[in-house]
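Now for the letters of each chain:
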Amino acid sequence: MARNPGQSSMATEPQLDPQRTQLRDEVVVHVQGLILSGGARPGTLLRLAPIAEALGASITPVREALLLLTQDGWVTQEPNRGFRVLPIRRRDAEDAYLVHGFVAGELAARAAAVIDARGVGELTQLNAQIARITGPDANVSDADSLEVDILNSRLHSTIYASAASPRLTWFRDASMRFVPRRHWGAVPGWIELNRDGHAELIDALAQSDCEGARTAMVEHIERAGMLLLSHLDEIGFWDRDADD
């Protein structure tokens, strides 16, 4: 039956099992970790069964995860063979952060124009939780680092949601699909960036200072990008031939 142009397709789309979605995301993190650590270099063929066995998962969430990573440029699918790790150029990561900073800055500026006291209070609370975990004398564990990652994501998502610009938020999310999930704890300086890097942004939002919020967000994203790129430089992550 033909669908009317205005008819939503949501009713016909299958609902994902939350447990399977969680397994899929765990596989994504696992494979990204293999690639970032050098355990799966460019050209490596990733087979589904060994990954599923290593994680105690079935083949289905592994395939779904690798298809997501194909969309995001981490791997490519080869018919009748499997998924092969792609070379990643430093320039591509730089471009991702260029787009990310621009779009996130615009979202912050729009949020500053409309965010209310409740929204600012939520941001302040999230920032205080990050500061509590990452204080100067804190011994930040891997579990703490993961919690900071979650809190940081909530803080930024709150700002972007306040902007009420879903299409622009989609572009921001798309620009960050290259960035690995849950591996920020290994990046030197990232903990300090999250401890100290939000106060100016939140102040600008509280004062409805659109341009101040834009500038603070862009600078924050640029610093995060430089930290990640420097870390990947240090571990020799980039495929040299890919940039030639």
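Above this text you will find the structure in question.
Residues numbered from 1 in each chain as written. Predicted model: local features only at pLDDT ≥ 70, side-chain atom pairs only at ≥ 80, totals over all residues. Heavy atoms only, no water.

(A) Here's a closer look at the pairing of strand 3 (residues 82-85). As judged from the 2 bridges shared by strand 1 (residues 45-46) and strand 3, these two strands associate in the antiparallel manner. When the bridges of strand 3 are listed, L45 appears paired with R84. Here 4 bridges tie strand 2 (residues 75-78) to strand 3, and the two strands are oriented antiparallel to one another. By the bridge assignment, E78 is partnered in strand 3 with G82. Taking the residues that link successive antiparallel strands as the turn, the strand 2-strand 3 hairpin has 3 residues, and the phi of N80 there is positive, at about 65°. (Pairing = 2+ DSSP bridges. Helix = DSSP H or I, 4+ residues; strand = E, 2+ residues; numbered from the N terminus.)

(B) How the structure looks around helix 2 (residues 48-55). For helix 2, every residue scored as buried is listed here: L48, I51 and A52. For helix 2, the buried positions fall inside an angular range of 100° around the axis, keeping them on one side. Counted as exposed and oriented over 90 degrees from the buried face of helix 2: E53 and A54. Positioned one or two residues after helix 2, G56 has a phi angle of 65°, which is positive. (Buried < 20%, exposed > 50% of the residue type's maximum accessible area, 1.4 Å probe, protein only. Arc of directions from axis to C-beta.)

(C) Quick peek at the nonpolar core. Of all hydrophobic cores here, the largest spans 59 residues; its most connected members are L66, I159 and L205. With sequence-adjacent residues up to four places away left out, I159 is seen in contact with A108, A111, L123, L201, L205 and M217. (Core = buried A, V, L, I, M, F, W, Y, C linked by side-chain atoms within 4.5 Å. Contact = heavy atoms within 4.5 Å.)

(D) Geometry of helix 9 (residues 199-206). Those residues of helix 9 not exposed but buried are L201, I202, A204 and L205. Buried residues in helix 9, looked at end-on, bunch into an arc of 160°, giving them a common side. Buried positions along helix 9 lie against helix 4 (90-114), helix 5 (117-133), helix 6 (142-162) and helix 10 (210-234).

(E) A look at a negative patch on the surface. The grouping of E200, D203, E219 and E222 at the surface amounts to a negative patch. Mapped by element, the contributors of at least two residues to the negative patch are helix 9 and helix 10. If you trace the backbone, D203 turns up in helix 9. Accessibility expressed as a relative area gives 43% for D203, which makes it partly exposed. (Patch = residues over 30% accessible without salt bridge, like charges linked within 9 Å, V, L, I, M, F, W, Y side chains within 5 Å. Areas by Shrake-Rupley, 256 points an atom, 1.4 Å probe, with all protein chains shown as cover. Salt bridge = Lys/Arg side-chain N within 4 Å of Asp/Glu carboxyl O. Lys, Arg positive; Asp, Glu negative; His and termini not counted. Charge placed at Lys NZ, Arg CZ, Asp CG, Glu CD.)

(F) Region of interest: the packing of aromatic side chains. Taken as a whole, this structure holds 1 aromatic pair when the rule is applied. Ring centres 5.1 Å apart and planes at 85° place the aromatic pair W170 and F171 in the edge-to-face group. With relative accessibility at 45%, the residue W170 sits in the partly exposed group. (Phe/Tyr/Trp six-rings, centres within 6.5 Å; stacked < 30°, edge-to-face > 60°.)

(G) Just the sheet that holds strand 3, in detail. One open sheet accounts for 3 strands, arranged 1-3-2; its pairing is antiparallel. With partners counted over all chains shown, the strands left at the sheet margins are strand 1 and strand 2, one partner each. Its contacts with the sheet put helix 3 (residues 59-71) on strand 1, strand 2 and strand 3, and the angle it makes with strand 2 is roughly 115°. (Axes fitted to C-alpha atoms, helices over the stretch in contact; angles between N-to-C directions.)

(H) The arrangement of empty space enclosed by the protein in detail. For the structure on display, the rule yields 1 cavity of 30 Å³ or more. Taken together, the residues of the lining of the largest cavity break down into 7 nonpolar, 1 polar and 2 charged. (1 Å grid on protein atoms, 1.4 Å probe; cavity = no way out; pocket = protein on both sides within 12 Å on 5 of 7 lines; lining within 4 Å. Points joined across faces, edges and corners; volume = space filled by probe spheres on them. Nonpolar A, V, L, I, M, F, W, Y, C, P; charged D, E, K, R; others polar.)

(I) Just the pattern of salt bridges, in detail. In total, this model carries 11 salt bridges according to the counting rule given. Residues R89 and D92 are paired through a salt bridge, measuring 2.9 Å at the closest nitrogen-oxygen approach. Owing to a relative accessible area of 26%, R89 belongs among the partly exposed residues under this scheme. Residue classification places D92 among the partly exposed positions, given a relative accessible area of 35%. Here E106 and R214 are joined by a salt bridge, their closest N and O atoms 2.7 Å apart. In this pair, E106 sits in helix 4 while R214 sits in helix 10, placing the two residues 108 residues apart along the sequence. Residue classification places R214 among the partly exposed residues on the basis of a relative accessible area of 24%.

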